[in-house]
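Remarks on the overall topology
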Amino acid sequence: MAEKLLEVNNLKKYFPVKAGIFKKTVAYVKAVDDVSFFVNKGETLGLVGESGCGKSTTGRTILRLLEATAGEVIFEGKDVLSLNKEDLRNIRRDMQIIFQDPYASLNPRMTVADIVGEPIDIHNLAKNKKERNEKVKDILERVGLGSEYMRRYPHEFSGGQRQRIGVARALAVDPKLIIADEPVSALDVSIQAQVINLLQDLQKDFGLTYLFIAHDLSVVKHISDRIAVMYLGKIVEMADKTELFDDPMHPYTQSLLSAIPEADPTKKKERIILEGDVPSPVDPPSGCRFHPRCPKAFDKCSVEEPVFKDYGDNHFAACHLLEE
Amino acid sequence: MANKNKEKLVDVKNLKTYFYTEEGVVKAVDGIDFEIYPGETLGIVGESGCGKSVTSLSIMGLVESPPGKIAEGEILFEGIDLTKLSQAEMRKIRGNEISMIFQEPMTSLNPVYTIGDQISEAIIIHKGLSKKEAMKESVEMLKKVGIPLPEQRINEYPHQLSGGMRQRVMIAMALSCDPKLLIADEPTTALDVTIQAQILELMNSLKASYGMSIMMITHDLGVIAEISDRVAVMYAGKIVEYTDVNTLFADPKHPYTWGLMNSIPKLDRDVNRLQAIPGIVPNPLNFPDGCKFNTRCPLAEGKCFTDEPKIVDAAEGHKVRCWRYKDLEEMKKQNVKIYEEQR
């Protein structure tokens, strides 16, 4: 039985919408609304969905970069959401994040040595400056950047190299879990492959566990062991990746998979083109949130919310059709 | 190909668009040749900085000058050289015969005018209709691009629409004057995949009903496979491979094309590691001697570092710019992994 490293139960994150001169809360954006999943030690869980589905908010709420509205985040048996400041800082040594935009997530006034060294200082992982610099040098080499880059500033690097710096910074504290939030989306395809290979190598070498958040399904399929699909603040389906791609249960997953343009002109795919846009998370549709766009919706879907449950072999889904 | 008998709509010959900066001359587009036939979609694919967007801006006459300049070459549109036209003459063609849509529809729409104002503006200028007639025509256009409740939408502002809807408005605007050529620069890159699928389908169906040609610029090989008839692959300001879409994907002859195709994860087959192209695109101020891909090419040797290869016919209708494309062919036959699974 695989050991769970991270367990998320009924996580909710609502953002208040304020209006008027007294900034009264008039509504809530339900960015993450009752999400539950787990990540086993050493595996990669892919979290996919379209913009606004709440995948990034989920990642940030787990790390408490955003405070959750309700729910539980259990990391190695500890409830992350109830930790005090000091315990939180300690646990962040084990949980790190890599951001999408390598241009915006590095301080332009800090040298690479300081960017990568900062987490080492914060967590007191080096006895002195020499040891710290040794560590930085070592990590930079592991991510494919030579020590000659240590004194340089972020603007001197290309996008792919900057993302390597971001990875190095996350690795500096020897974490157990890395939440990678769209780590390759801003990169060119040829560079994307380099960074994906790097992440996989590091996972093997350091026994890392990844929560890999992305919108690109082919990338997620390549790197993940299991995949969770989000739509409008909810996980609609979660399964082993082969299972999910071979036998998608939820109509949203089915249309999402059919929409991916494949680099093969001889393949004419049977497309399920969805009508309309994703509705607003301020006022999500009643019942199943996907029902206004679902090609298979029936009466019950607009009234009752489907339950997210296991349909065998850890293949979870939330859809009334499956209950029939 | 049936195309051979057709008149060319666009014929670009030895186009060079340079930018004269303080640090030196950036040869963004450096001697490219291609043609677009009526009713076809030409895909131009390449990574950031390869010159694909500058190519489209050159055709539109929108290269900012200074620092940019078309240094050499011809852009023949129905036989007329666009590079020789005055600003006034170019304005008549732009938006009328040739239209363009961009990646980020929000930055291309004016936030203080309604959708209806913006579509009808083009119609009034180019078709000489009255405001009232133009508004009616705008509603028709919005209907054609699949916008629900167009009578209401024309009175709304861009911020009231979603990204996919905005791109539809852009398309409606671009098509309002029945252009012969639509240039689409990464039109779906900012959109989600389900919305991307909608827009690509819309473009394909509009192409058929309008009989126009499309020049599709993108970095996404999936989009290229989906929509193009023929494809030009660009790298560092040059076309490195040029052929029809099926041939390109079945038999890529340039090591760069081959590398690109192998660096993307495939949905139908699992691999443990991706074959990444090593290194990065060279600095345009400091391109290497010889073939510009030689800093990243696993096949590069001797001649590749000294002499720039010319683009040649490797087969009927299949052009490639590489000294060693025949060797690559052999290696492909023997299933050699050209891009090593380096760490």
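What counts, and at which threshold
- Residues numbered from 1 in each chain as written.
- Chains lettered and ligands numbered in written order.
- Predicted model: local features only at pLDDT ≥ 70, side-chain atom pairs only at ≥ 80, totals over all residues.
- Heavy atoms only, no water.
- Helix = DSSP H or I, 4+ residues; strand = E, 2+ residues; numbered from the N terminus.
- Rg over C-alpha atoms; globule rule 2.2 N^0.38 Å.
- Buried < 20%, exposed > 50% of the residue type's maximum accessible area, 1.4 Å probe, protein only.
- Contact = heavy atoms within 4.5 Å.
- Areas by Shrake-Rupley, 256 points an atom, 1.4 Å probe, with all protein chains shown as cover.
- Expected span 1.5 Å × (residues − 1).
- 1 Å grid on protein atoms, 1.4 Å probe; cavity = no way out; pocket = protein on both sides within 12 Å on 5 of 7 lines; lining within 4 Å.
- Points joined across faces, edges and corners; volume = space filled by probe spheres on them.
- Nonpolar A, V, L, I, M, F, W, Y, C, P; charged D, E, K, R; others polar.
- Pairing = 2+ DSSP bridges.
- Axes fitted to C-alpha atoms, helices over the stretch in contact; angles between N-to-C directions.
- Polar contact = N/O pair within 3.5 Å; in protein donor to acceptor, adjacent residues only side chain to side chain.
- Salt bridge = Lys/Arg side-chain N within 4 Å of Asp/Glu carboxyl O.
- Phe/Tyr/Trp six-rings, centres within 6.5 Å; stacked < 30°, edge-to-face > 60°.
- Lys NZ or Arg CZ within 6 Å of the ring centre and 35° of its normal.

**Considerations on the overall build of chain A**
Across its full length, chain A carries nine helices and 12 strands. Computed over its C-alpha atoms, the radius of gyration of chain A comes to 21 Å, within 12% of the 20 Å expected for a compact globule of 324 residues. Dimensions along the principal axes, computed over C-alpha positions, put chain A at roughly 70 × 60 × 45 Å. Burial status across chain A gives 55% buried among its 324 residues. For chain A, the proportion of contacts with a sequence separation of at least 24, taken over those separated by at least 6, is 62%. Surface exposure of chain A reaches about 14300 Å², of which carbon and sulfur atoms provide 47%.

**Structural notes on the overall build of chain B**
Within chain B one finds 12 helices and 12 strands. Each of the three principal axes of chain B carries a C-alpha extent, and together these read 65 × 45 × 45 Å. Within chain B, the fraction of its 343 residues that count as buried is 54%. Taking all contacts inside chain B whose residues are at least 6 apart in sequence as the whole, residues at least 24 apart take part in 65%.

**Focus on helix α4 (residues 115-127) of chain B**
Residue and element names in this part refer to chain B. Over its 13 residues, α4 extends 18 Å from the first C-alpha to the last, a length consistent with the 18 Å expected when each residue adds 1.5 Å. If you check which residues of α4 are buried, you get Ile115, Gly116, Gln118, Ile119, Ser120, Ala122 and Ile123. Buried residues in α4 make contact with α5 (131-144), α6 (150-153) and α7 (163-175). Where α4 terminates, the next one or two residues include glycine 128, which has phi positive at roughly 65°.

**Digging into helix α11 (residues 255-263) of chain B**
Burial of α11(B) is extensive: nine of the nine residues sit out of reach of the surface. Turning to α11(B), its buried residues number three or more, namely Pro255(B), Tyr256(B), Thr257(B), Trp258(B), Gly259(B), Leu260(B), Met261(B), Asn262(B) and Ser263(B). On the buried face of α11(B), the contacting elements are α6 (189-206) of chain A together with α9 (221-227), β9 (230-235), β10 (238-244), α10 (245-250) and α12 (325-333) of chain B.

**Points about empty space enclosed by the protein**
Tallied over the full model, the rule gives six cavities of 30 Å³ or more. Here the lining of the largest cavity is built from residues that sort into nine nonpolar, two polar and one charged.

**Thoughts on unusual backbone geometry**
Looking along the chain, the bond that leaves Ser65(B) and enters Pro66(B) is cis, with omega of -15°. With respect to the helices and strands, the residue Pro66(B) is situated in the loop between α1 (52-60) and β4 (68-77). Backbone geometry places Glu182(A), a non-glycine residue, at a positive phi of 50°. With respect to the helices and strands, the residue Glu182(A) is situated in the loop between β7 (177-181) and α6. One non-glycine residue, Glu78(B), lies in positive phi territory at about 50°. If you trace the backbone, Glu78(B) turns up in the loop between β4 and β5 (80-81). By relative accessible area, Glu78(B) is classed as partly exposed at 40%.

**Some remarks on the layout of surface pockets**
Residue and element names in this part refer to chain B. Put simply, the second largest pocket is a space of about 630 Å³. In terms of lining residues, the second largest pocket is bounded by 19 residues, among which Arg94, Gly95, Ala122, His126 and Met173 are the most central. At the level of secondary structure, the elements contributing two or more residues to the lining of the second largest pocket comprise β6 (98-101), α4 and α7. The element contributing the most residues to the lining of the second largest pocket is α4, with five residues.

**What to know about the sheet that holds strand β8 (residues 213-218) of chain B**
Residue and element names in this part refer to chain B. Read across the open sheet, the eight strands follow the order β6-β7-β8-β3-β9-β10-β12-β11; overall the sheet is mixed. With one partner strand each, in any of the chains shown, β6 and β11 (312-315) form the two edges of the open sheet. Strand-to-strand, the axes of this sheet are offset by a mean angle of 20°, without reference to chain direction. Bridge analysis of β6 against strand β7 (residues 181-185) gives four bridges, and the strand direction is parallel. Bridging across to β7, serine 99 finds its partner in leucine 182. Packed on one face of the sheet, helix α8 (residues 193-210) meets β3 (41-45), β6, β7 and β8 and runs near 155° to β8. On the sheet, α11 packs against β9 and β10 and is oriented at approximately 100° with respect to β9.

**Overview of the side chain of His222(A)**
Residue and element names in this part refer to chain A. Its location among the elements puts histidine 222 in helix α7 (residues 217-223). Among the residues examined, histidine 222 registers a relative accessible area of 9% and is labelled buried. A polar contact of 3.3 Å, which involves the side chain of histidine 222, links it to the side chain of glutamine 200.

**Some remarks on the interface of chain A and chain B**
With 39 residues of chain A at the contact, the number on the chain B side is 40 residues. Here chain A and chain B share two salt bridges between them. Here Asp201(A) makes a salt bridge to Arg273(B), at a shortest N to O gap of 2.4 Å. The tally of links from chain A across to chain B stands at 12 residue pairs in polar contact (both at pLDDT 80 or more). Of all the secondary-structure elements, those providing two or more residues to the side of chain A that touches chain B are α6, α7 and α9 (251-259) of chain A. The class makeup of the residues in the side of chain A that touches chain B is 15 nonpolar, 10 polar and 14 charged.

**Description of the packing of aromatic side chains**
Counting across every chain of the model gives 10 aromatic pairs over all chains. Measuring from ring centre to ring centre gives 5.0 Å for Tyr235(B) and Phe293(B), while their planes differ by 80°; the resulting arrangement is edge-to-face. Taken as a pair, Tyr235(B) in strand β9 and Phe293(B) in the loop between α11 and β11 lie far apart in primary sequence, 58 residues in all. Tyr235(B) gets classed as buried once you look at its relative accessible area, which sits at 3%. With relative accessibility at 2%, the residue Phe293(B) sits in the buried group. Here a set of aromatic residues connected by ring pairs shows up, and it is made of Tyr231(A), Tyr252(A) and Phe290(A). Across the ring face of Phe245(A), the terminal group of Lys221(A) is positioned such that the distance to the ring centre comes to 5.2 Å. Of note, Lys303(B) hangs over the ring of Trp323(B), and the distance from its end group to the ring centre comes to 3.9 Å.

**A look at the pattern of salt bridges**
Per the counting criterion, the structure on display carries 42 salt bridges over all chains. For Lys234(A), the salt bridge is made with Glu305(A), and the minimal N-O distance between the two is 2.8 Å. With a gap of 71 residues between them, Lys234(A) in strand β10 (residues 234-240) and Glu305(A) in the loop between α9 and β11 (309-310) connect regions that are remote in the sequence. In this structure Lys234(A) comes out as buried when scored by relative accessible area, which is 15%. Of the charged contacts, one joins Lys127(B) and Glu137(B) as a salt bridge, the two residues approaching to 3.1 Å between their closest N and O atoms. Of this pair, Lys127(B) sits in helix α4 while Glu137(B) sits in helix α5, placing them 10 residues apart in sequence. One salt-bridge network, in which partners are shared between bridges, spans Asp30(B), Lys238(B), Lys292(B) and Glu308(B).

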